[in-house]
Each structure stands twice: as C-alpha cells, then as structure tokens.
Amino acid sequence: MLLHIPKILDDQRLAECRRLLAGAQWVDGRVTAGSQSSQVKHNQQLPEDAPAAAQARALVLQALSANPLFFTAALPKRIYPPLFNRYAGTANAFGDHIDNAIRTHPASARHVRTDVSATLFLSDPHDYDGGELVIEDSFGTQRVKLPAGDLVLYPASSVHRVEPVTRGERVASFMWIESMVRETERRRILYELDMAILALRDDDQDSPAVVRLTGCYHNLLRMWADV
Ligand code: NI
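Residues numbered from 1 in each chain as written. Predicted model: local features only at pLDDT ≥ 70, side-chain atom pairs only at ≥ 80, totals over all residues. Heavy atoms only, no water.

A. Fine view of the coordination of the nickel ion. Distances from the nickel ion to its protein donors, His 97 (NE2), Asp 99 (OD) and His 160 (NE2), fall within 2.1 to 2.2 Å. Sequence spacing of the donor residues for the nickel ion, all on one chain, is H-x1-D-x60-H. Taken together, the residues span a long stretch of sequence, with Asp 99 in the loop between strand E6 (93-97) and strand E7 (102-104) and His 160 in strand E14 (residues 159-162) at a distance of 61 residues. The pair Asp 99 / His 160 is uniform in exposure class, with both members buried. (Donors = N, O, S within 2.8 Å, 3.2 Å for Na, K, Ca; no water. Helix = DSSP H or I, 4+ residues; strand = E, 2+ residues; numbered from the N terminus. Buried < 20%, exposed > 50% of the residue type's maximum accessible area, 1.4 Å probe, protein only.)

B. Seen up close, the environment of Val 210. Tracing the sequence through the fold places Val 210 in helix H5 (residues 208-224). The spatial distance from the C-alpha of Val 210 to the C-alpha of Ile 197 is 6.6 Å, given a sequence separation of 13 residues. Dropping the residues within four chain positions of it, Val 210 is found in contact with Ile 197, Leu 200 and Arg 201. (Contact = heavy atoms within 4.5 Å.)

C. Just the sheet that holds strand E4 (residues 44-45), in detail. The strand order across the open sheet formed by seven strands is E1-E13-E9-E16-E5-E4-E2, and the pairing between neighbours is antiparallel. A single partner strand is all that each edge strand has here, and the edge strands are strand E1 (3-5) and strand E2 (27-28). One ladder, built from five bridges, connects strand E9 (residues 116-121) with strand E13 (residues 151-155); its direction is antiparallel. Within the sheet, the bridge partner assigned to Ala 118 lies in E13 and is Leu 153. (Pairing = 2+ DSSP bridges.)

D. The arrangement of the packing of aromatic side chains in detail. Applying the stated criterion across every chain, the model contains two aromatic pairs. With centroids separated by 5.7 Å and ring planes inclined at 70°, the aromatic side chains of Tyr 80 and Trp 176 adopt a geometry described as edge-to-face. Remark: Trp 176 occurs in strand E16 (residues 170-179) and Tyr 80 occurs in strand E5 (residues 76-87); sequence separation between them is 96 residues. Take Trp 176: its relative accessible area is 5%, and that puts it in the buried class. Consider the rings of Phe 174 and Trp 176, whose centres lie 5.6 Å apart with planes at 90°: the pair is edge-to-face. Across the pair, Trp 176 and Phe 174 agree in class, each one buried. An aromatic cluster is defined as three or more aromatic residues linked by ring pairs; in this entry it consists of Tyr 80, Phe 174 and Trp 176. The ring centre of Tyr 128 lies 4.3 Å from the NZ or CZ of Lys 145, which sits over that ring. (Phe/Tyr/Trp six-rings, centres within 6.5 Å; stacked < 30°, edge-to-face > 60°. Lys NZ or Arg CZ within 6 Å of the ring centre and 35° of its normal.)

Next comes the structure, spelled out in structure tokens:
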C-alpha cells in the first residue's frame, strides 16, 4: 500500500525544520547505505548526531505521533529515528535499490525491522526539477513528488529510486517503521476497514452494525498485532 498523508508538518513546523536544516553540515549519504545501495547512492545526509538533526528529528517524531492517519496506516511499533537527506549538484540521485531489512540504531543498538518506509518532503516541488521518488511494487510503478510537509508511506520491501535533481535542491526526511502488523496485505485490510468504519460512524449514536464492524477491526488487530 502506498499512502499520501498531507500536512504532516504544518507551516510553522515546516519553517522551523527548514531553518534547522539550512545551517547544518551535510555529509556523503553513503554513511547509512548497505553495500548494494551504496553503489547507486549519490546524495547527502545529516550525520545522526548533528545537533540540528536531533532537533529536527524530535519535531518530525512529534508531528508523526499526533497524526491519526499515520498511526492507522503504519501501526507503528518502533520508528527508526528520522534522517534527513539532500539531493543537489552532483550528489543528486539514488538509483534502484531496496532498503535493508534490519536497521540498528547506533546509539541504542536497538534493531528495527523495516516494514514501512516513509519520505517526508521538505522542499517546495516548484523549487527543484526531477527528484521524484519512483516506487515499483505489485501496484505498478508510482512516481511521487509531494508538496512540502506531506509524507508518503510505502512498503519497505519495494524497489525504489530517487530521480536526478536537475535544478535546485530537494531536502527530505526519511524513516523506517517496524509495524505491529508485519504483513503489508494485513495492514492494508486493517486500514481499509478502519477508514470504512470511520465513514459509517455517526456522531450521536453508532448503529449496532458499526459497533460489530469496530469489533471485527479490533479482533483482527488482536489476532495479527505483535506488540
Ligand atoms: Ni531507500
């Protein structure tokens, strides 16, 4: 399932995030790449221990935790602390690759299984050319370029790339989520069911059928979730 979640960052948080990143020291993006992806990765990242990265990361995590759509779509168990990257100049693309299945956080030594990948766009799409996130999976090829502050969730099991940025710079935050529900298809069913129940709900008095459907949602979650 590929899901576009608008306005993860409101205008104020977006401006604050951009301000933090504008003065930061970027390094070669291969610091977090696996051996296959490092062959095709040509971008820059913020070091995980950079002060600006820590502040921007806290801001992004706070925004994610306040977003109900993110929660119901990803059903997060753990989030690998968000990272930040920049595509510009000659470090402007990331060829086809698949994200490592397990990430280990350097500070905590904690493992995160990457079930869901997410990209939060921080640059205005009118300010750069190219830079589409191209995702190939069972749903076909999708080209994603979103307004600043918007996020895309997609299965970490998919082959994906970032097209060359030929004008301006593309700054984004990216992260991985270990989900309480490991299988993409099960997450999709739960998401669809939750959205359908929301559409059927009544502010005053939910019908008995809605109550039973809500029970089905929670019983499926009980059956499938690993917390
Ligand atoms: Ni990737």
